[in-house]
Amino acid sequence: EKLAIVTIDGPAGVGKTTISRMVAAHLGYTCLDTGAMYRSFAWMLTRTGHDGEDLKKDPSLLAMLGNVEMVLLPPLPGEENGRVRLGGQVLGPELRTEAISFLASEIASLPELRRVLTLMQQRLGAKGRVVIEGRDTGTVVFPQAAWKFFLDATPEERTTRRLRQLRARGDMATSEAALLESIVARDLADRNRSIAPLVAAADAYTIDTTNLDIRAVVGEMLAHIGSKP
Ligand code: C5P
């Protein structure tokens with residue numbers, strides 16, 4: 001049986017977060033940003049003085065990190081990304097650094113970590129009426145979702161979009177070349193890992209957003225869902 005769930009998967013910088021917020025607002029659904037959960041584990045790892053190798057070698061570390069209460073919070077007014085409450089601390093921009101992006105992608109290839117986070121995601125989305133975004137949400141987390149989308153765009157276009165966001169936030173330091181390189185590297189890692197790789201589900205509706213603006217993408221998605229934009 002299909003669940004009232006919309007999954008949105010796709011590569012870094014394609015606009016999943018903005019788009020999932022708009023689709024969710026239209027449908028009256030909540031949002032679940034699974035990338036924020038991988039980022040949270042990466043952040044806790046760094047915070048406790050560890051790296052990805054430590055996590056691979058020491059399973060007790062995963063148990064420890066898994067015991068920290070994690071609550072996804074909505075974005076503050078004027079912000080795109082939601083916040084995450086980890087134990088007693090509320091995190092926002094700390095989760096969005098390049099270092100955390102890379103570490104998140106690195107530890108996302110560990111089966112034990114994916115098992116923990118996938119279970120949490122399934123528990124959080126079980127009641128339905130939720131838009132879930134990530135890399136494997138339509139393939140692994142909720143294969144029984146009623147509507148699955150795969151959003152794509154060229155690496156160059158995604159770099160342009162990310163750069164615009166960074167500049168709007170006052171980041172003038174990150175260079176276009178460095179950003180393109182990091183986006184390409186993360187895609188490669190996400191697409192080629194052996195567990196839950198970034199790939200469109202067989203029954204996903206794929207949209208190449210390279211030449212579309214956000215409104216057009218959201219409109220096409222809502223039309224597919226059968227809800228008037
Ligand atoms: O979407 P976001 O860029 O925040 O995700 C950060 C990283 O977390 C991704 O590069 C990917 O390696 C990992 N991730 C994942 N599966 C998900 C969501 C994110 O492997 N469902």
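Criteria and cut-off values
- Residue numbers restart at each chain and count upward from 1, following the sequence in its written direction.
- Only residues with pLDDT of at least 70 are given local features in this predicted model, and only at 80 or more are side-chain atom pairs given and counted; all residues enter the totals for whole chains, interfaces and linings.
- UniProt positions are given in the numbering used here, feature names are shortened, and annotations may be inferred rather than shown by experiment.
- When DSSP finds at least two bridges between two strands, those strands are taken to pair.
- Counting from the N terminus, the helices are DSSP H or I runs at least four residues long and the strands are E runs at least two residues long.
- Axis lines are fitted through C-alpha atoms, for helices just across the contact stretch, and the angle between N-to-C directions can take any value from 0 to 180 degrees.
- Contacts here follow a simple rule: the backbone-placed C-beta atoms of the two residues must lie within 7 Å.
- To decide whether a residue is near a molecule or strand, its C-beta atom is placed from the backbone and checked for lying within 6 Å of it.
- Polar here means any residue other than Ala, Val, Leu, Ile, Met, Phe, Trp, Tyr, Cys and Pro, which are nonpolar, and Asp, Glu, Lys and Arg, which are charged; Gly is therefore polar.
- Take the residue count of a helix, subtract one, and multiply by 1.5 Å to get its expected span.
- Neighbour density around each residue's C-beta defines its exposure: 20 or more other C-beta atoms within 10 Å make it buried, 12 or fewer make it exposed, and counts between make it partly exposed, where C-beta atoms are placed from the backbone.
- Directions drawn from the helix axis to the C-beta atoms are what define this arc.

As recorded in an unreviewed UniProt entry, the chain goes by Cytidylate kinase and comes from Desulfobulbus oralis. In UniProt, the chain has this text filed under Subcellular location (unreviewed entry): "Cytoplasm". Reading the Sequence similarities (unreviewed entry) entry of the UniProt record for the chain gives the comment "Belongs to the cytidylate kinase family. Type 1 subfamily."

Describing the sheet that holds strand 4 (residues 83-86)
To summarise the sheet geometry, strands pair through backbone hydrogen bonds and adopt either a parallel or an antiparallel arrangement. Here we have three strands laid out as an open sheet, ordered 3-4-5, and antiparallel in their pairing. Only two strands of the sheet have a single partner each, and these edge strands are strand 3 (70-73) and strand 5 (89-91). Averaged over all pairs of adjacent strands, the angle between strand axes in this sheet comes to 25°, irrespective of strand direction. Where strand 3 lies against strand 4, four bridges are found, and the strand directions are antiparallel. By the bridge assignment for strand 4, Met 70 is matched with Leu 86. Those strands touched by helix 2 (residues 34-47) are strand 3, strand 4 and strand 5, and its axis lies near 45° from that of strand 4.

Side note on the site of the ligand
Close contacts around the ligand come from 15 residues, with Gly 35, Tyr 38, Ser 105, Ala 108 and Gly 134 the closest. Contributions of two or more residues to the shell around the ligand are made by helix 2, helix 5 (98-107) and helix 9 (176-192). Looking at the shell around the ligand element by element, the count peaks at four residues for helix 2. Split by residue class, the shell around the ligand holds four nonpolar, six polar and five charged.

Quick notes on helix 9
For helix 9, which comprises 17 residues, the first-to-last C-alpha distance of 24 Å matches the rise-based estimate of 24 Å (1.5 Å per residue) to within 8%. Turning to helix 9, its buried residues are Leu 179, Ile 183, Arg 186, Asp 187 and Asp 190. Burial along helix 9 is one-sided: seen end-on, the buried residues are contained in an arc of 105°. Opposite the buried face of helix 9, by more than 90 degrees, sit the exposed residues Ala 177, Ala 178 and Asn 192. Residues of helix 9 that are buried sit in contact with helix 5 and helix 8 (155-168).

What about the sheet that holds strand 1 (residues 3-9)?
Reading across the sheet, the five strands line up as 2-6-1-7-8 and stay open at both edges, with parallel pairing between neighbours. Every interior strand has two partners, whereas the edge strands, strand 2 (30-33) and strand 8 (205-208), have only one. Ignoring strand direction, the axes of neighbouring strands in this sheet form an average angle of 20°. Bridging between strand 7 (residues 145-152) and strand 8 involves four bridges; their strand directions are parallel. From the neighbouring strand, Leu 151 faces strand 8, where its bridge partner is Ile 207.

Considerations on the pairing of strand 7
Counted residue by residue, strand 7 has six buried out of eight residues, so it is predominantly covered. Sheet topology places strand 1 next to strand 7; five bridges connect them, and they run parallel. Paired with Val 6 across the two strands is Trp 147, which belongs to strand 7.

Notes on the UniProt feature "domain: Cytidylate kinase" (unreviewed entry) in the chain
Listed under "domain: Cytidylate kinase" (unreviewed entry) in the UniProt record, and renumbered for this structure, are residues 6-225. Secondary structure content for residues 6-225 is 51% helix and 16% strand, and the end C-alpha separation is 9 Å.

Observations concerning the UniProt feature "binding site: ATP" (unreviewed entry) in the chain
According to UniProt, the "binding site: ATP" (unreviewed entry) feature falls on Gly 10, Pro 11, Ala 12, Gly 13, Val 14, Gly 15, Lys 16, Thr 17 and Thr 18. Following the sequence through the fold, Gly 13 ends up in the loop between strand 1 and helix 1 (16-27). The buried category is assigned to Gly 13, around which 22 C-beta atoms lie within 10 Å. If sequence neighbours within four positions are ignored, Gly 13 has contacts with Arg 158, Thr 159, Arg 161, Arg 162 and Ile 183. Its location among the elements puts Gly 15 in the loop between strand 1 and helix 1. Judged by local crowding, Gly 15 falls into the buried class, with 25 C-beta atoms found within 10 Å. Non-local contacts of Gly 15, meaning those with residues more than four positions away in its chain, are made with Leu 151, Arg 161, Thr 209 and Ile 214.

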